[in-house]
Structure formats: C-alpha cells, structure tokens
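What follows is each chain in one-letter form.
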Amino acid sequence: MLVDIVIFGTIWGAIYTILALGFTIIFGVARILNLAYGAMYLVASYLIYTLVTRFGLPAVPAWLLAVAATAVAGMLLYRVFIFPLRETLGRVLIVTAGIAIFLQEVAVLIYSTEPRYVPTVLPGSLEILGARVTHQQLLTLAVAVVLVALLHLFLARTRYGRELRAVAQDSEMAALMGIPVERSYLVAMGLSTGLAAAAGALVAPFLTVNPEMGWSPLLVAFTVVVLGGLGSLWGTIAAAFIVAYAEMLTAFLISPQLREAATFAIMIGTLVFRPHGLFGKGIVE
Amino acid sequence: MTRRLALRYAGAAAALGALALLPVWVSNPYVLSVLTLAALYAIFASSWDILSGYIGQINFGHAVFFGVGAYAAGFLGPHLPALLVFPAGALAAVVFAFLVGLPCLKLRGPYLSLTTLVFPLILERLAFTFRDVTGGEYGIRVVPPLSGTGLYYAALGLLAATLAVLLAVSESRLGRTFRAIGDDDLAAMAAGVNTTRYKLGAFVLGAALAGLGGVLYAYHLRHVGPEVFGLFTSFSIVIMGIVGGMGTVLGPAIGAYFLTLLGESLREIETYRLLVYSGVMILCVLFLPRGLWSLGEVLLRLARRRGRQAAR
Amino acid sequence: MDRSAFVRAAALALALPALALGAPALAQTGPIKVGVIGPFKLTPGRDIREAATLATEEINAAGGVLGRKLELIFAETEQSPEKGKTAVERLLFVDKVDVIIGEHRSEVSLAVQPIIAENRKIFLSTGTASPLLSDNVLKDYAKYKYYFRTFLNANQMAEQMIRQTSDMMATYKKDRVAIIAETAVWVEPIVAALKSTLGPRLVALERVSTNAKDLSVELSRVQSANAQIVFAILAADAGLPFARQWADRQIPVLVTGYTVMAQSDRFWEQTEGRAQGYMTWKHGVRAPISPKTIPYWDRFTKKYGHVPGAYTNFATYDGVYILVDAIRRAGTLDSDALVTALEATDHVGVSGRIKFSKRHDPEAGPDFVPFTYIQWNKGEMVTVWPPSMKTGEFVLPGWLK
C-alpha cells in the first residue's frame with residue numbers, strides 16, 4: 001500500500017503541477033483569475049473523445065490536435081470576452097464563470113451527462129515493487145515531466161518567454177521598455193489553456209469524461225497556487241506534490257471519500273494560517 | 001426624502017402590491033407554486049447582492065446560507081414551534097456566515113470569489129456523508145406549517161422585508177461605506193475604514209435573510225436535500241443577480257422573477273435552463289453592465305430623446 | 001429610471017395571468033392522459049420514455065382502453081426535487097392528467113409522493129428503490145394507497161443480492177468478500193444485510209462517494225485485504241473506471257453486485273473489452289423470464305436501435321400494461337376504484353409475474369419478479385443467475401484462470 005501511495009502520489013503530483021503552472025501563468029502575467037480554466041480542461045477531454053471515437057483519429061494526433069485547438073480557443077476567448085472587460089477584474093471573473101457554466105451545459109447538450117471514455121494509448125501494465133501500474137499512468141508521468149521542462153525552457157530561453165516574465169514582474173515597466181504587453185497576455189492565455197488542455201488530455205484515459213469535470217481541476221490549481229505562492233517554478237512543483245501526497249495519504253489511510261476534503265482543508269487552512277503561502281509571493285498582499 | 005428615492009419606494013411597492021393581489025384572480029396551484037419559487041429566489045438573489053453588489057465581492061457560495069436555513073427547518077421543524085424555526089434558520093445561517101467569512105476576509109476580489117466556491121461543495125459532501133443525520137440524498141421530509149396561498153404571502157412578505165433592507169442599506173451611510181469599499185478597498189482602508197468588519201457585516205446580513213428564505217424554501221418543497229448546496233443553485237443566484245442588475249436594489253429580484261419564469265416556460269424545449277441562463281449572463285456582462293435594470297435606463301433615455309425630438 | 005420599475009411591475013402583473021390561460025379544459029371522452037415523469041436525459045429516464053411509448057403504441061393499435069386512446073404527457077424532473085415538484089404540479093393542474101407514472105430517483109419520488117397523494121391520483125413508480133415510499137402505504141393507507149411500484153425496493157434487492165452472493169461463494173469456494181459501495185441511502189439496507197450475513201468473511205468495506213470517478217485507492221485496499229470476491233454497488237459513473245482498472249491491474253477478484261454502467265450495451269466498447277468476466281445484476285435481460293420477455297426485447301431493439309438498458313425499462317413497460325388492465329377491470333378512471341383494481345393485479349409481464357404485496361410493491365422471487373444477473377463474455381451479456389434462467393455459463397476473468 002505504501003508503494004501505491006508513492007506511485008499514485010507522484011503521478012497526480014505531476015498532473016497537478018501542469019494544472020497549477022497553467023493557472024499561475026495567466027494569473028501572474030495578466031492578473032486574471034480565469035474561472036473558465038477548468039472548462040478548458042473539459043473542452044480538451046471532450047475534443048479527444050470526439051476525435052478518437054467519432055472521427056477515428058489515432059490517439060497521439062488526437063491529443064496534439066485537441067491541445068492545440070483548445071489553446072487557440074483560449075486565446076479567442078481572451079480576445080472576445082476578456083479583453084473588452086479587462087478594466088474591471090470583477091466583470092472578468094463573472095464572464096469567465098459564465099463561460100465555464102455555458103461550456104459545461106454545451107457538453108451536456110451534445111454528449112449528455114453520461115460519462116464518456118477515452119481509450120488508452122498504451123494498454124497493459126507492469127509491476128513495480130508489488131504494485132501494478134498501468135503503462136498509461138507511466139506515460140502520463142513522462143509526458144508531464146517533458147511538458148514542465150519545455151515550459152521552463154520557453155520561459156527562460158525564448159523571446160516570448162522573457163517578455164512574459166517581464167510583464168509578470170511589472171507590466172507598466174515592460175510597456176515602457178517597448179514590450180507589446182497585449183501580445184504577452186495573448187501568449188500567456190494560449191499557454192495557460194494549452195497546459196489545462198494537456199492536463200485534461202493526460203487524465204481522460206484513466207478517469208471518465210463528464211460535464212462536471214471542470215471544477216475540481218480549477219480548485220486544485222487554485223489550492224496549489226495558494227499553497228505555493230506565485231513566481232517560483234520549484235515552489236509550484238513542490239506545492240503540487242504536497243497536495244497530491246496529502247490527498248493520497250488521506251485516501252489510503254483514512255478514507256477515499258475524504259480525498260477532496262484534504263484539498264479543501266489545505267486551501268482554507270493556508271488562507272487562514274499562512275495566507276502568504278509557503279514559497280514565492282503569496283496571493284494575499 | 002429625495003424624489004428619486006420616493007419613486008423607488010413607490011415602484012417596489014407597486015410591484016409587490018400587484019403580486020400580492022394576484023391570488024385573487026389566479027387560483028391555479030401550479031402558477032402560485034411557480035410564483036412562490038420566484039419570490040424565494042428573489043430573496044436569495046437580493047440577499048446575495050448585499051455583499052456582491054455593494055461591496056463588490058462576488059460570492060459564489062451563497063447557497064450555503066439558504067441551504068443551512070432549509071436544513072434547520074428540516075431538523076428543528078418537528079421539535080420547535082413554527083415561530084421559533086425562523087430565527088433558528090437565520091441563526092444557523094449567521095453561524096455559517098462567520099465560518100465562511102473568516103477565511104475569506106484576508107482575501108480580496110477574485111481570490112475571495114474562488115474560495116467561496118468551495119464551501120457549498122464541502123457542505124454538499126457532508127450532507128451526503130452523514131446520511132443518518134441528514135437523510136443523505138433522500139433528504140428530509142418537511143411538514144410545513146404554511147402552504148399554498150399562506151406560503152405565497154409569507155414569501156412575498158420576506159421579499160418585501162429584504163428589499164426594504166436593501167433600500168435602507170443603499171441610501172444610508174452604511175451603503176456609501178460599502179460602495180466605497182467596493183470601489184477601492186485599499187483607499188477605504190487608508191481612510192480609516194475597518195473593511196474587515198464591514199465585509200463580515202455584509203456576509204452576516206445577507207446570510208440572515210437567506211437563512212429565513214431557506215426555511216420558507218424547505219416549507220415550499222416540503223423537502224430538503226443536498227441539492228440545495230449544489231453548484232447549480234449557487235450559480236443560478238449569481239446569474240439572477242447579475243442579469244437583474246447588481247447593486248440596484250430591485251435588480252436581483254427582477255432577475256430572479258425573469259429567469260424563474262423563463263425557466264418554467266422553457267420547459268417545452270426540455271431543459272436548457274442553465275445554458276440559457278449563462279448565455280444571457282455573458283451577454284449582460286458584455287453589453288448591459290447593470291443588467292435588466294440598465295435596460296430600463298436605456299429604454300428611458302431613448303424615450304426621452306424621442307420626446308425631445310418631437311418637441312422641436 | 002424608476003418609472004421603468006413601474007412599467008416592469010405592471011407588465012409582470014399582466015403577463016403572469018397568461019400562464020393560467022394555458023390550462024386546457026378537462027375532456028370526458030378524449031384520450032386518457034398519463035403523466036410520465038423522469039430524468040429523460042439520462043439512460044434510466046430514456047428507458048422510461050421509450051418503454052412507455054412502445055407500450056402505448058401497442059395498446060392504442062389494439063383499440064385503446066374503454067374506447068379511448070392513451071396519451072402520454074412527459075414532464076422532465078432532472079433528478080431535482082424542486083423541478084420534480086413543478087413538473088408534477090404542471091401535470092396535475094395544467095395538463096390535468098389522470099394518472100402519473102415513472103421517475104427513477106428516490107429523492108424526487110419522495111418529494112412528489114405527498115403532492116400526488118393529496119390530489120388523489122394514482123402514482124405508479126417504475127423506478128426508485130427507497131422502501132420509504134411503500135412504508136408510507138403501510139403507515140397511512142388512507143392517504144398513500146394511491147402509490148404502487150412495479151419494481152423491487154432496496155430491502156428486497158438486498159435479500160436477493162445476498163442469495164446470489166452466498167450461492168457464488170458456495171459454488172466457487174470463496175470465502176473472503178469485499179464490498180465497494182456508494183454512500184447512498186438506498187444502499188444502506190443492502191450493506192447492512194451483507195455485513196450481518198457475511199460476518200468475519202467480510203474483509204473490506206469501502207464506501208465511495210457518488211461522484212467519485214477514480215476507484216484506484218479502493219481497489220488497492222481491497223487487494224491488500226486479500227479479498228476473493230468484490231461486491232460492488234456503483235450506480236453512478238464510477239463503474240467504468242472501476243472495470244478498466246480491475247482488468248488493467250489484474251486485481252484477483254471476481255466481481256458481482258450492481259454496476260449500472262455494466263448494464264449498458266456500450267460497456268464492452270467503453271472498457272475496450274476489459275469487461276470480460278464482469279458481472280452485475282440487471283433487471284431486464286434477454287432470457288425466458290416469461291413468454292413475453294424475448295419477443296418484447298426484440299421488438300424494442302428493432303424499434304429503437306439499442307437494447308433495453310436500465311431496470312426502468314421493463315418496469316415501465318409492465319407498468320403501463322398493468323395500469324391499463326386495472327382501468328379495464330375497474331371500468332372507470334376513479335382513483336379509489338383503480339386502487340382496488342390494482343391491488344387485485346396478477347399480471348404476467350416481461351419482468352415476470354407481478355402481484356402487489358400489502359406495501360404495493362411487487363412480490364420478488366423466481367416465481368414472481370426474478371432477480372437476474374448477467375456476465376459479460378466475449379462482447380455479449382450472458383444471463384448467469386438464477387440457474388433456472390441462465391443463457392450461458394459463468395466464466396472466470398482471464399488472469400484468474
């Protein structure tokens with residue numbers, strides 16, 4: 001059982017890292033709390049389902065297409081709904097909430113509330129130290145690691161990445177230095193939704209695809225950000241793994257039903273007792 | 001009293017009067033039932049507006065307060081005389097206002113909103129888990145001391161009281177302070193306002209009213225179950241408030257009536273209820289910042305312009 | 001801007017009475033109106049709708065009832081007691097139906113039962129397992145006698161499930177059982193009954209929340225306890241990931257119990273064949289339960305392009321016929337007369353032989369409404385229990401051979 005906790009904890013930690021990173025990017029760069037973040041995760045999962053099941057596309061192209069399409073959708077979303085409202089963060093919040101609900105209902109309309117399955121890419125499993133781990137789960141872990149590495153390279157080495165970091169630090173200064181701030185926002189949005197989509201794509205084969213799946217990724221991402229603070233990549237990764245292991249420990253040792261409760265407890269507990277988070281800059285100023 | 005305030009009082013009174021007289025002409029229990037539901041949602045949306053419309057902190061977890069009031073009616077109904085159940089429901093809701101408010105107080109704006117989303121989910125899960133106490137998903141059957149027309153009038157009465165509170169808040173110094181905090185809470189703090197106390201106050205006031213409404217809701221449905229804590233309920237209230245017009249006293253109530261009646265008449269086209277609601281809300285946020293209320297303003301301005309042109 | 005409040009208030013006051021005008025007049029010689037409630041966007045609701053429609057078409061084609069046609073009026077309840085209440089009120093006061101049938105969720109049925117009872121209309125449940133519904137018939141007969149159910153209640157289900165599990169344990173010589181059950185009220189009597197019957201042979205008891213999507217932890221714990229049989233009660237979505245993980249991780253247990261997702265004809269593709277050996281109770285199978293069963297199954301499949309899915313299907317089809325049979329015998333639509341006629345029901349339908357007990361629930365058992373189990377084998381649902389109704393042999397999952 002301990003082996004199970006470690007293995008599952010690691011896999012979920014990787015997924016939560018991706019979710020949290022996507023969330024912090026738009027948050028840190030544009031100060032937008034995107035309540036439709038979970039909806040992007042949902043859109044990507046349904047896209048994969050549709051591409052694979054209704055159009056017969058093989059898994060890998062379907063994944064790439066779904067993530068790319070969702071990232072584009074995210075950028076469009078920004079341009080059409082968020083950009084006109086960006087003066088008032090409250091209205092941005094509401095419109096993104098509205099979009100999240102709307103997309104959920106569209107999913108119900110098209111696919112009904114019944115869960116859908118996404119086929120696994122790598123069937124089969126192997127034994128690690130007495131626990132059976134599916135190949136799919138290992139693939140998930142590998143892809144997540146690669147994504148985080150790519151993200152880090154993007155932010156550190158590319159021009160767009162450097163601009164993003166400048167804007168995140170101080171958008172006025174960045175504008176004065178000639179950095180096209182609006183373009184950075186757009187890029188951040190695309191990255192953010194792309195990461196949410198990637199997380200959705202990775203999780204879909206071993207859970208189910210259903211219209212309500214958008215809310216827990218949103219809450220988990222928020223919890224990780226609250227715990228870890230903004231601005232530190234390693235801080236976010238650490239917080240993501242803390243949350244994941246806490247969930248697994250609660251699930252295995254106390255009760256699987258309390259798994260979500262563990263996440264909520266971390267969120268509320270951090271807000272009450274250590275609002276500045278553990279590392280980096282807290283979201284409470 | 002300013003002319004504008006008097007007109008507002010008169011407008012609200014006229015609308016309520018019309019609704020109060022309705023049972024004289026309409027005796028169909030179905031219609032009365034739908035109107036009672038609309039009145040209850042108007043109470044929830046209006047009480048929500050106190051925090052969200054004035055102080056500007058969008059609360060996605062308002063369902064907690066009326067859900068707790070409803071469960072109070074379920075648990076205490078058989079044990080307490082009817083008149084005591086109401087204050088019990090309000091008290092329970094106020095307790096939760098503190099439980100929810102305290103962690104959220106250190107937060108502002110969007111962070112507060114996202115955190116408030118969590119509480120109804122927790123309560124929903126608790127209601128399911130402690131099945132022996134809460135009846136789990138079956139809920140609790142409630143034997144109401146009021147029903148039919150009696151309940152309709154009780155709901156209207158509470159709605160009138162809620163609107164009166166909103167009017168009082170809006171026109172008083174309290175309201176101005178709320179709005180100042182809503183506009184720029186850092187400036188308010190710099191000016192010496194204890195924003196934490198005011199935010200908590202808004203939570204508590206909104207919760208108490210919602211708790212009372214929750215008791216009536218339990219009486220109306222004759223049942224209370226975990227679905228009162230569902231995301232659907234929370235979001236419906238937010239949407240009603242926004243579509244009607246936040247911070248406009250009558251706006252959320254109008255939004256509640258409009259959307260509840262719309263929802264029932266959409267029954268024919270099956271239920272795309274939340275789809276339509278959220279679509280309407282997105283359009284409102286983009287084009288009608290103060291909801292249906294501002295629609296009225298826009299029309300009035302057009303009418304005045306038409307009038308001026310005719311006068312030339 | 002305050003004038004607009006006036007305008008709006010006036011418009012509201014004028015528009016609302018228009019709702020009342022939607023009420024059609026009560027017809028004395030027109031069709032017999034049957035209100036059908038349920039969550040039609042879900043499979044159990046869809047089965048209610050389709051089975052009721054097929055039954056109605058057949059009855060009308062054969063001349064109707066008492067010279068009148070049957071007309072179905074559907075009202076969506078969306079699994080919500082609040083919507084259920086307005087749905088039922090609309091049926092009763094606007095559409096003025098003569099009887100109400102259907103509904104899959106117990107919490108909705110419990111919320112609407114008193115309203116229908118107070119208006120003295122027959123409410124024929126063709127779904128929902130809560131014993132509380134029929135408890136009310138015993139506790140307050142005068143008020144609740146109008147309630148009938150064509151489907152077993154949770155206590156009856158518990159009894160039958162224990163019988164099957166004990167049978168399975170004896171036949172395959174297994175004595176370590178784990179339960180993985182949703183935390184739902186209707187499950188409680190089943191879990192309680194199993195606990196007391198199994199005693200120390202129950203090695204693990206996992207409760208799962210109804211919106212759980214991932215049961216990997218539960219499976220790990222069950223495996224650590226060295227269970228040999230898992231009794232699963234999964235009425236919500238968890239059935240799909242459960243089956244997939246069970247097979248992928250090759251958990252060495254036989255599965256029985258009640259997994260709703262496994263009752264769907266899409267389960268095999270959804271699990272990409274991992275369902276091989278997966279067993280579940282299924283009410284409504286293509287087996288000779290009565291001479292009417294297989295012909296109905298085939299007619300239904302031909303008409304709708306998919307097999308009967310949820311338990312509500314057979315229950316609703318039989319429900320409509322039982323209702324019509326009672327109306328014919330009573331010769332009237334008067335509810336009290338219908339109650340007497342319904343209580344005298346002895347109908348052989350597709351679910352078996354239906355006779356109502358004092359609780360207005362059907363009698364259960366191989367001579368009445370049998371409790372059938374299917375097992376997935378090479379893409380097909382094979383009826384494997386009770387032995388008198390089986391259409392094939394039980395198989396072990398691949399990795400347990």
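In what follows, the structure referred to is the one given above.
Throughout what follows, the structure given in this document is the object of discussion.

Rules of the game
Residues numbered from 1 in each chain as written. Chains lettered and ligands numbered in written order. Predicted model: local features only at pLDDT ≥ 70, side-chain atom pairs only at ≥ 80, totals over all residues. Heavy atoms only, no water. Helix = DSSP H or I, 4+ residues; strand = E, 2+ residues; numbered from the N terminus. Contact = heavy atoms within 4.5 Å. Areas by Shrake-Rupley, 256 points an atom, 1.4 Å probe, with all protein chains shown as cover. Lys, Arg positive; Asp, Glu negative; His and termini not counted. Charge placed at Lys NZ, Arg CZ, Asp CG, Glu CD. Axes fitted to C-alpha atoms, helices over the stretch in contact; angles between N-to-C directions. Parallel < 35°, antiparallel > 145°, perpendicular 65-115°, else oblique. Nonpolar A, V, L, I, M, F, W, Y, C, P; charged D, E, K, R; others polar. Pairing = 2+ DSSP bridges. Buried area = accessible area lost by both parts, 1.4 Å probe. Salt bridge = Lys/Arg side-chain N within 4 Å of Asp/Glu carboxyl O. Patch = residues over 30% accessible without salt bridge, like charges linked within 9 Å, V, L, I, M, F, W, Y side chains within 5 Å. Buried < 20%, exposed > 50% of the residue type's maximum accessible area, 1.4 Å probe, protein only. Right-handed = clockwise from strand over helix to strand, strands pointing away. Phe/Tyr/Trp six-rings, centres within 6.5 Å; stacked < 30°, edge-to-face > 60°. Lys NZ or Arg CZ within 6 Å of the ring centre and 35° of its normal. Core = buried A, V, L, I, M, F, W, Y, C linked by side-chain atoms within 4.5 Å. Left-handed = near helix turned anticlockwise from the far one by under 90°.

### Some words on the overall build of chain B
When helices and strands are tallied, chain B shows 15 helices and two strands. Reported as C-alpha extents along the three principal axes, the dimensions of chain B are approximately 75 × 55 × 40 Å. Looking at chain B alone, contacts between residues at least 24 apart form 80% of all its contacts between residues at least 6 apart. As displayed, chain B offers around 11600 Å² of accessible surface, 67% of which is attributable to carbon and sulfur atoms. The average position of the 23 basic charges and that of the 13 acidic charges among the side chains of chain B differ by 12 Å.

### Some points on the packing of helix α2 (residues 29-54) of chain B against helix α12 (residues 231-244) of chain B
All names here are of chain B. Viewed as axis vectors pointing N to C, α2 and α12 meet at an angle of 75 degrees, and their least axial separation amounts to 9 Å. With respect to each other, α2 and α12 are oriented roughly perpendicular. Packed against α2, whose contacting residues are Y41, F44, A45 and W48, the element α12 presents T233, I237, V238, M240, G241 and I242 at the interface. A breakdown of the residues in the contact of α2 with α12 according to their chemical character gives eight nonpolar, two polar and no charged.

### Quick word on the sheet that holds strand β4 (residues 122-125) of chain C
Residue and element names in this part refer to chain C. One open sheet accounts for five strands, arranged β2-β1-β3-β4-β5; its pairing is parallel. Edge positions in the sheet fall to β2 (70-76) and β5 (147-149), since each has one partner strand and no second. For this sheet the average axis-to-axis angle between neighbouring strands, irrespective of direction, equals 25 degrees. Two elements, strand β1 (residues 32-38) and β2, share seven bridges in a ladder whose sense is parallel. Counted as the bridge partner of G35 is I73 from β2. The sheet strands contacting helix α2 (residues 43-61) are β1, β2 and β3 (99-102), and the helix crosses β2 at an angle near 170 degrees. Its contacts with the sheet put helix α14 (residues 335-343) on β3, β4 and β5, and the angle it makes with β4 is roughly 35 degrees.

### Concerning the interface of chain A and chain B
Each partner contributes residues to the interface: chain A has 35 residues there, and chain B has 33 residues. With both chains or domains summed, chain A and chain B bury close to 3100 Å², and 84% of this area falls on carbon and sulfur atoms. Between the two partners, chain A and chain B, sit one salt bridge. For R125(B), the salt bridge is made with E260(A), and the minimal N-O distance between the two is 4.0 Å.

### Regarding the environment of A238(A)
Inspection of the secondary structure puts A238(A) in helix α10 (residues 233-254). The spatial distance from the C-alpha of A238(A) to the C-alpha of G13(A) is 8.7 Å, given a sequence separation of 225 residues.

### What about a positive patch on the surface?
The grouping of R301(B), R304(B), R305(B) and R308(B) at the surface amounts to a positive patch. Here R304(B) is to be found in helix α15 (residues 291-311).

### Topic: the pairing of strand β9 (residues 254-259) of chain C
Regular strands place side chains that alternate from one sheet face to the opposite one. All names here are of chain C. Burial of β9 is extensive: six of the six residues sit out of reach of the surface. The two faces of β9 match: L254, T256 and Y258 on one face and V255, G257 and T259 on the other face are all buried. Traced from strand β8 (residues 229-234) through helix α10 (residues 239-248) to β9, the parallel crossover comes out right-handed.

### Structural notes on the packing of aromatic side chains
Think of a pair of aromatic rings as described by two things: how far the centres are apart, and how the planes are tilted against each other in angle. All names here are of chain C. Taken as a whole and assessed by the stated rule, the structure comprises 46 aromatic pairs over all chains. Following the ring pairs from residue to residue traces out a cluster consisting of F151, W186, Y258, W281, Y311, F371, Y373 and W385. The cationic tip of R49 hangs over the ring face of F40; the distance from NZ or CZ to the ring centre is 5.0 Å. Over the ring of F74 we find R49, and its NZ or CZ is 4.5 Å from the ring centre.

### Side note on the nonpolar core
Judged by nonpolar contacts, the single largest core of 301 residues is most densely connected at W12(A) and M157(C). Among all residues touching W12(A), those that are not within four sequence positions of it are V203(A), F206(A), L207(A), A244(A), M248(A), R259(A) and D214(C). Membership of the second largest hydrophobic core comes to 34 residues, among which are A204(C), L215(C), L234(C) and A287(C).

### Points about the sheet that holds strand β6 (residues 177-182) of chain C
Residue and element names in this part refer to chain C. On the basis of which strands lie adjacent, the open sheet formed by four strands has the order β7-β6-β8-β9 and parallel pairing. At either end of the open sheet lies a strand with only one pairing partner, and these are β7 (202-208) and β9. Going from strand to strand, the sheet's axes swing by 15 degrees on average, the running direction of each strand aside. In the packing of helix α8 (residues 188-198) onto the sheet, contacts are made with β6, β7 and β8, and the angle to β7 comes to roughly 170 degrees.

### A short note on the pattern of salt bridges
Residues and elements named next belong to chain C. Taken as a whole and assessed by the stated rule, the structure comprises 25 salt bridges over all chains. Here K85 makes a salt bridge to E89, at a shortest N to O gap of 2.8 Å. Of the two residues, K85 and E89 both sit in helix α3 (residues 81-93), four residues apart, roughly one turn of that helix. E188 is paired through a salt bridge with R207; the nearest N and O atoms lie 2.9 Å apart.

### Digging into the environment of L174(B)
Residue and element names in this part refer to chain B. By the secondary structure assignment, L174 is in helix α9 (residues 173-183). Residue L174 is classed as partly exposed on the basis of its relative accessible area, which comes to 34%. Residues L174 and V100, spaced 74 residues apart in sequence, show a C-alpha to C-alpha distance of 22 Å. Once you skip the residues sitting within four places of it in the chain, L174 turns out to touch V169 and Y198.

### Notes on unusual backbone geometry
At the junction of W385(C) and P386(C), the peptide bond is cis and its omega measures out at -5 degrees in the coordinates. Its location among the elements puts P386(C) in the segment after β14 (380-385). Although it is not a glycine, V249(B) sits at a positive phi angle of roughly 65 degrees. Inspection of the secondary structure puts V249(B) in the loop between α12 and α13 (251-265).

### As for the packing of helix α1 (residues 2-30) of chain A against helix α5 (residues 135-157) of chain A
Residues and elements named next belong to chain A. Between α1 and α5, the least distance of the axes is 9 Å, while the angle of their chain directions is 35 degrees. Crossing hand, α1 versus α5: left-handed. Every residue of α5 that contacts α1 at F8, T10, I11, A14, I15, T17, I18, L21 and I25 is listed here: Q137, T140, L141, A144, L147, V148 and L151. Taken together, the residues that form the contact of α1 with α5 break down as 12 nonpolar, four polar and no charged.

### Quick look at a nonpolar patch on the surface
All names here are of chain A. Taken together, M1, L249, L253, I254 and L258 make up a surface patch of nonpolar side chains, about 470 Å² in accessible area. The topology assignment puts M1 in the segment before α1. Exposure remark for M1: the relative accessible area of 40% places this residue in the partly exposed category.

Any link to function would need more than the numbers given here.
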